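Observations on the three-dimensional arrangement
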Amino acid sequence: LAGESDVIIENFRPGKMEEWKLGPEDLERINPELIYTRISGYGQTGPYSKMPGFASVCEAVGGLRYVNGFPDRPSVRPNLSMGDTLAGLQGVIGILLALQARNGNKRKSKDAPSDGKGQVVDVAIYESVFSLLEGVVSEYDGAGVIRGPSGSTLTGIVPSNLYKGSDGKDIIIGANGDSLYSRLLDAMEIGKEHQLRSHDSNKKRVENQGEIDEAIGAWVAMRPTGETLDILKTFRIPSGLIYSVEDMVNDPHYVDREMFEGVEIPELKKSLKIPAISPRLSRTPGRTVHPGRSAPGVDTLDVLEDWLGLQTDEVEAMVEEGAVRHRKVPQ
Amino acid sequence: MIRTYLGMRRLALGGRRQPNGRKWLCSQHKGKRPPLEGVRVLELGQLIAGPWAGTVLAYFGADVVKVEPPNGDPIRGWRMLDETGTSYWWRGHARNKRSICVDLNTEQGREVVKKLAGESDVIIENFRPGKMEEWKLGPEDLERINPELIYTRISGYGQTGPYSKMPGFASVCEAVGGLRYVNGFPDRPSVRPNLSMGDTLAGLQGVIGILLALQARNGNKRKSKDAPSDGKGQVVDVAIYESVFSLLEGVVSEYDGAGVIRGPSGSTLTGIVPSNLYKGSDGKDIIIGANGDSLYSRLLDAMEIGKEHQLRSHDSNKKRVENQGEIDEAIGAWVAMRPTGETLDILKTFRIPSGLIYSVEDMVNDPHYVDREMFEGVEIPELKKSLKIPAISPRLSRTPGRTVHPGRSAPGVDTLDVLEDWLGLQTDEVEAMVEEGAVRHRKVPQ
């Protein structure tokens, strides 16, 4: 099957595919065009390569945990397998880059050559997490600054924080720009001569963060968050609620953007919402064809015929040997 | 013809040669060509989201031309600055890109950008939705002159929908996208990761969208079976809130199917036990993930728990979830008995996934990070010193990405080169545009 494929993806521990004689060198011999994609905790090389890679540990090694939390509490783990999902995205990027290299670029004015060869894409969960760190490395190396956790704010950017309304709901407000901040003070009906007006640069706002956050917090606490949101929208101040999935499913923008796809689960005789996958392409969009096979092996016969030209009796023989299994779908 | 050849040769050498003639190529990339060689990208973004897509593409070999306003991209002056007033962030963020300086508020400037888009594979913009149309540089305007163009738009909420025109700030979009709700301790305000995560994720989505559109346009070539292409471009619509939403794995279907609303889980992952932080005698936190039956059993072996002990009876994830408090307390007590380094060594012997919470200082000194060449040393000519910037993932064996230069120190140093290279303009024609105020050109001191 790998001999007939463009891409292979594996996430066994590094070395396992080689043990099975299905490693990159084995498969390159039969299919030099193959793009061999390997996803692991720490990558295929290096001293930690053979260590079991769990997302929770890799998120910490990758630097995300250290900057996620309140300084006086243990660091927070996002309640998601974020390292895994990020590694999956890196895999997609690597595969598409390798396809581009193999296929070449076609433009009317100037084609770029391709060599028709495959290669190995090596994705590490900890490196996929590390890829989120923007300026952290160069700021450390250049200025000696170690970025740490910042609670509910972003350090060096003021005001950008959470505030609680009279109904107990949190609202995020991001007014960290000179004209934005001025407009926010207008929205809060702060007089032109007020002390708060004097913090007219990010530097000054950072120095007076406590005073600013306290004033905004007091203003927000005076009414339900929905009303505050409406006021801020009129003044075009970036703001929003902290959406739970329940909020998302009922939100008019999410619905208009078709972010939830309804799929039929035959066995359940009911439909289920699953998320659309980004990004959005205008001419060649993605789409959901089916909501996952309900049992392993329902396509064994079809695929072996489609990719390898095998006949039903040849596949039955493999089933007898115990090499493959085929699951018939009840009509 | 000769001029074009010289332009292409300069391009093949990775853009303008720096005054001291040095190139910055990682040793492992010598002799290898990057995958996006020959792909042209015109970047009209500022700050993080749009430009990050450009950065990744430039790392992997695309000719990314960054259009900067007369005062340059504001991120040149964000956060920590070096002695010349350029941010350290800029050096990783703007690497490899060529910089031209255009005043988009002039008609002549917009005309230049339109012509450049006519000669490009990709355009990236992250203005508020509608702005490019006002400038007559929208998808329909550019499709007329270049139907192959892949028009990539990155915004807070996307090009359509009721929130489309709202200003998109990463902090707000991360909340709308569902990340904030599940990030924190239930008894505290939700945590904001100290990163512009929404922006970076949107940049990655932009890269994926562009590469998918290139694939659609170029077609698939395989010996056994070529897939057709139609040679046409299209619009890629990336929204920051959707890029954050893309991390939510099973959250939506678990809500719709079982009525469960996933919420914050402190330092653990709900429904997976044990997977938590524990503090050693030296005050350092260690993460342990032993959330599997044989892993859990091995962890108890490492902790020298007897075979008859109560803890051994929690031999399924379901039982461990029911007894999470007892398990976490036992592990916490065991970890607290010695410095974290010693506990790490014990756990490594028993092959239990575990690790420290790495700060950037830990990473820079870690032998695995170093072996994997995750830090690239670049020379900053004005500073006469070198700086570490991060390597960009993923790793490709035959056509790897690489850093060619650490970001242009001023906007517009490539204006002359790019206008000659892409549009065939002569120096005097460019000088005329400079006179009009449409573009600026910065000469690099030798």
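Some remarks on the packing of aromatic side chains
Enumeration over the complete set of coordinates arrives at 18 aromatic pairs over all chains. Considering the side-chain rings of Tyr42(A) and Tyr48(A), the 5.8 Å spacing of their centres and the 85° angle between planes classify their relative orientation as edge-to-face. Taking the relative accessible area as the measure of exposure, Tyr42(A) reaches 1% and is therefore buried. The buried category is assigned to Tyr48(A), whose relative accessible area is 14%. The positively charged end of Arg188(B) is found above the aromatic ring belonging to Phe70(A), 5.1 Å away from the centroid. Note that Arg338(B) overlies the ring of Trp334(B), its terminal NZ or CZ placed 4.5 Å from the centroid.

Some remarks on the pairing of strand β11 (residues 385–390) of chain B
All names here are of chain B. Relative to β11, strand β10 (residues 375–380) runs antiparallel, the two sharing 6 bridges. Along β11, the bridge assignment pairs Phe-375 with Pro-390. Between the antiparallel neighbours β10 and β11 lie 4 residues, among them Lys-384 with a positive phi of about 50°.

Here's the deal with the interface of chain A and chain B
Many descriptions give the size of an interface as the accessible area lost when the pieces come together. Each partner contributes to the interface: chain A provides 139 residues, whereas chain B provides 147 residues. Taking both partners together, chain A and chain B bury about 13300 Å²; carbon and sulfur atoms supply 59% of that area. Where chain A meets chain B, there are 10 salt bridges. With a shortest N-O distance of 2.9 Å, Asp237(B) and Arg257(A) are connected by a salt bridge. At the boundary of chain A with chain B, the tally comes to 52 residue pairs in polar contact (both at pLDDT 80 or more). In terms of residue count, the dominant contributor to the side of chain A that touches chain B is helix α4 (residues 82–103) of chain A (16 residues). Among the residues making up the side of chain A that touches chain B, the classes are represented as 64 nonpolar, 45 polar and 30 charged. Strand direction decides the pairing type here: strand β3 (residues 119–124) of chain A and strand β12 (residues 395–396) of chain B, joined by 2 bridges, are antiparallel.

Comments concerning the packing of helix α4 (residues 107–118) of chain B against helix α17 (residues 415–423) of chain B
Residue and element names in this part refer to chain B. Contact pair α4 / α17: the axes reach a minimum separation of 10 Å and the direction vectors enclose 50°. Taken together, the axis directions place α4 and α17 in an arrangement best described as oblique. In the crossing of α4 with α17, the sense of the turn from one axis to the other is left-handed. Within the contact between the two elements, α4 uses Val-112, Lys-115 and Leu-116 and α17 uses Val-418, Leu-419, Trp-422 and Leu-423. Residues belonging to the contact of α4 with α17 are distributed by class as follows: 6 nonpolar, no polar and 1 charged.

What about the confidence of the model for chain B?
All names here are of chain B. For chain B, the mean per-residue pLDDT works out to 88, and 92% of the residues sit at or above 70. The secondary structure element of chain B with the lowest average pLDDT is helix α1 (residues 2–12), at 36, and the one with the highest is strand β4 (residues 122–125), at 98. Long-range and interchain partners of residues 1–28, a stretch whose pLDDT sits below 50, account for 40 contacts in this model, where long-range means more than four residues apart. Complex prediction metrics read pTM 0.87 and ipTM 0.88.

Comments concerning the nonpolar core
Counting residues in hydrophobic clusters, the biggest one holds 127 residues, and the most contacted among them are Tyr254(A), Leu57(B), Ile288(B) and Tyr369(B). Residues within four places of Ile288(B) in sequence aside, it is in contact with Pro274(B), Ser275(B), Asn276(B), Tyr278(B), Leu299(B), Ile331(B), Val335(B), Leu347(B), Ile352(B), Pro353(B) and Ser354(B). Counting 26 residues, the second-largest nonpolar core is a separate cluster that includes Val67(B), Leu104(B), Val430(B) and Val439(B).

Calculation criteria
Residues numbered from 1 in each chain as written. Chains lettered and ligands numbered in written order. Predicted model: local features only at pLDDT ≥ 70, side-chain atom pairs only at ≥ 80, totals over all residues. Heavy atoms only, no water. Phe/Tyr/Trp six-rings, centres within 6.5 Å; stacked < 30°, edge-to-face > 60°. Buried < 20%, exposed > 50% of the residue type's maximum accessible area, 1.4 Å probe, protein only. Lys NZ or Arg CZ within 6 Å of the ring centre and 35° of its normal. Pairing = 2+ DSSP bridges. Helix = DSSP H or I, 4+ residues; strand = E, 2+ residues; numbered from the N terminus. Contact = heavy atoms within 4.5 Å. Buried area = accessible area lost by both parts, 1.4 Å probe. Salt bridge = Lys/Arg side-chain N within 4 Å of Asp/Glu carboxyl O. Polar contact = N/O pair within 3.5 Å; in protein donor to acceptor, adjacent residues only side chain to side chain. Nonpolar A, V, L, I, M, F, W, Y, C, P; charged D, E, K, R; others polar. Axes fitted to C-alpha atoms, helices over the stretch in contact; angles between N-to-C directions. Parallel < 35°, antiparallel > 145°, perpendicular 65-115°, else oblique. Left-handed = near helix turned anticlockwise from the far one by under 90°. pLDDT = per-residue confidence, 0-100. Core = buried A, V, L, I, M, F, W, Y, C linked by side-chain atoms within 4.5 Å.

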